[in-house]
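# Residue-level structure breakdown
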Amino acid sequence: MARPFRPEVLVLALTLIAVGVAWLLGNAGRIDLLATLRAWWPLTLVVWGVLELVALALSRDARRS
Amino acid sequence: MKGAKIGLLLLILAFGSTVETAWRVRNRLGPGWGWFMMGGRFQGPSFTFKADQVEVVPSGTPVEVENAFGAVKIVQGGPGEVRIALRKVVFLGTEDKARAYADRIQVQARREGGALRILTNRSDLERPSGAEYEVGFETHFDVVVPPGTAVKVHDEHGAVDVTDVARAEVSGSFDTIRVERVGGPAEIEARHGDVQARGIKGDLKVTNRHGDVTVEDIDGRATLDVQHGEVSAKRVGGLLVSGAHGDVTAETVHGDLDVHDQHGAVRGIDVTGRATVATSFQGVTLEKVGGDASVHTEHGEVVLTDVKGAVDAQASFDDVTLTRVGGPVTVTVSHGAVRAHGLEKGARVRASGDEIVLDGFRGPVEIEAERAGVRLVPAGAIGAAVKVTATHGAIELDVPAGSRIDVQASAQSGEITTDVPGLSATQMSPGKLAATLGGGGNAVVLSTSHGDVRLRGAAAVAEKTP
């Protein structure tokens, strides 16, 4: 049986990747780390919300079939 | 909602709040401690840019440098021109942004009142301009001045290094100030940083808070006001130190040594003039003093060696030790011992709580002892008055051959014993003795309550001190 889609796991993974990449670029002098994090951190909530909708749709499809 | 979702939501919101708070702190705190305590705008990636400038100046033009958040270094160069090198360190995320900002940082060289004044336009750049946030940048000056230039430097938050100038006036904070090889006087005012001054031909004046001060090879008189820092002085033409909470060490003072310290130990070696020292809670050590020595300490010991002049020592709760003193000695000690060797012109001693030993003294001696025994060993035949008053302590006096003395001794609740050859008693009763030796001439008055009095002759002395 396939494991159910869990948006929070995906959000956590994407957030860690994003923060790590931003930190790396900040240390390399390519971006202003604090300004970047401050501008983009709400995107985490948006992405999570979208993924929750996707998960909801997927679960309905699964029940119909 | 599952617990994992709630946990993740709280984690993201906490992360966002932290970022927002950091952002607000960075934008609201101005330059100063806030930035340094938190890293602030002087943190993160930085890029360095350089700018050079040459100013032609008439001979003897004084140079003044003002700076903040960066070092200032001044050295001697060729005549007729002042070479200014500015190193700009800009704390911005990208090199392009940093270069654009660095281009706005300019050297300003102005003629004011016959002097060349060098500074940057930092004050214009740091004015609120509606920018996203203030940019951190350091400005480091390397200035080459003509020979014989008088220099004045004011630097906030940066090291200052001045060498080979005619005279120097330097103020700075939060880093080390170093001034060397100055042809005339030098004046240094520092806060939260060490001060080093060497090779000053004129007088030196240093004021420092929270930092150590090291001065060497000062031809003139050095005046040091140092709070919360240690002082080290070598080869100075006179030294005045006032301060608190720091030790003072002075070696080879060609003049007077004057130290007013608190909570700091004082050590002076090879002082040609007079030495005056006052401190507390620490000891005082002086060696090779050419003039008089006056020492006052509370809760600390006093050790004086090879003093040619008079000694005035006051101490409490610790001992006074004197060795080879050429002038008259006055010592007052409470709750401490007095031990002296080689006093050439006698001593007046008031002490309590511990023994008093004068070994190898000449001249008149007057001693008041409380709860203390007294032992006196003259360097030769007694040739001056000796008066000892003690309570709760014994008195022991060696009488060398050839002494001419009239003895008046009394011992309440004690015994009087003598083994001095030739001493003839004129009056003797329990606890009292009047006697003469060598025809008399010098009064020896020994009086104690609750103790014995003993007069030891040359033979007895020879047995104990071969």
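Residues numbered from 1 in each chain as written. Chains lettered and ligands numbered in written order. Predicted model: local features only at pLDDT ≥ 70, side-chain atom pairs only at ≥ 80, totals over all residues.

Now for the overall build of chain A. A tally of regular secondary structure across chain A gives three helices and zero strands. In sequence order, the secondary structure elements of chain A are arranged as α-α-α. In terms of overall dimensions, chain A has C-alpha extents of about 50 × 20 × 10 Å along its principal axes. For chain A, the residues scored as buried account for 9% of the 65 residues in total. (Helix = DSSP H or I, 4+ residues; strand = E, 2+ residues; numbered from the N terminus. Buried ≥ 20, exposed ≤ 12 C-beta atoms within 10 Å, placed from the backbone.)

Residues and elements named next belong to chain B. As far as domains go, chain B holds domain 1 (47-158) and domain 2 (159-227). Relative to domain 2, the C-alpha centre of domain 1 lies at a distance of 22 Å. With 18 residues of domain 1 at the interface, the matching set in domain 2 holds 18 residues. Mapped by element, the contributors of at least two residues to the side of domain 1 that touches domain 2 are strand E3 (72-76) and strand E8 (150-156). Take the side of domain 1 that touches domain 2: its biggest share by element is seven residues, from E8. Here the side of domain 1 that touches domain 2 is built from residues that sort into eight nonpolar, six polar and four charged. (Domains from an automatic or database assignment. Contact = placed C-beta atoms within 7 Å. Nonpolar A, V, L, I, M, F, W, Y, C, P; charged D, E, K, R; others polar.)

Let us look at the interface of chain B and chain A. Chain B puts 15 residues into the contact, and the matching count from chain A is 15 residues. Per-element tally for the side of chain B that touches chain A: the top contributor is helix H1 (residues 3-28) of chain B, with 11 residues. Considered class by class, the residues forming the side of chain B that touches chain A number eight nonpolar, three polar and four charged.

All names here are of chain B. Across the two faces of strand E18 (residues 239-244) the burial differs, with Leu 239, Val 241 and Gly 243 buried and Leu 240, Ser 242 and Ala 244 not buried at all. Pairing of strand E16 (residues 222-227) with E18 involves six bridges; the strand directions are parallel. Of the residues in E18, the one forming a bridge with Leu 224 is Val 241. Pairing analysis gives four bridges linking E18 to strand E20 (residues 257-260), with the strands arranged parallel. Each bridged residue has a counterpart across the sheet, and for Leu 239 the counterpart in E20 is Leu 257. (Pairing = 2+ DSSP bridges.)

Residues and elements named next belong to chain B. Within the secondary structure layout, Thr 330 lies in strand E28 (residues 329-343). Residue classification places Thr 330 among the partly exposed positions, given that 17 C-beta atoms sit within 10 Å. Separated by 35 residues in the primary sequence, Thr 330 and Val 365 place their C-alpha atoms 9.9 Å from one another. For Thr 330, the contacting residues outside a window of four places in its chain are Val 311, Asp 312 and Arg 348.

Residues and elements named next belong to chain A. At a closest axis distance of 9 Å, the pairing of helix H1 (residues 7-27) and helix H3 (residues 43-64) adopts a crossing angle of 150 degrees. As far as their axial angle goes, H3 and H1 are roughly antiparallel. The hand of the H1/H3 crossing is right-handed. Taken together, the residues of H3 that come into contact with H1 (itself represented by Pro 7, Leu 10, Val 11, Leu 14 and Thr 15) are Thr 44, Val 47, Trp 48, Leu 51, Glu 52 and Ala 55. Here the contact of H1 with H3 is built from residues that sort into eight nonpolar, two polar and one charged. (Axes fitted to C-alpha atoms, helices over the stretch in contact; angles between N-to-C directions. Parallel < 35°, antiparallel > 145°, perpendicular 65-115°, else oblique. Left-handed = near helix turned anticlockwise from the far one by under 90°.)

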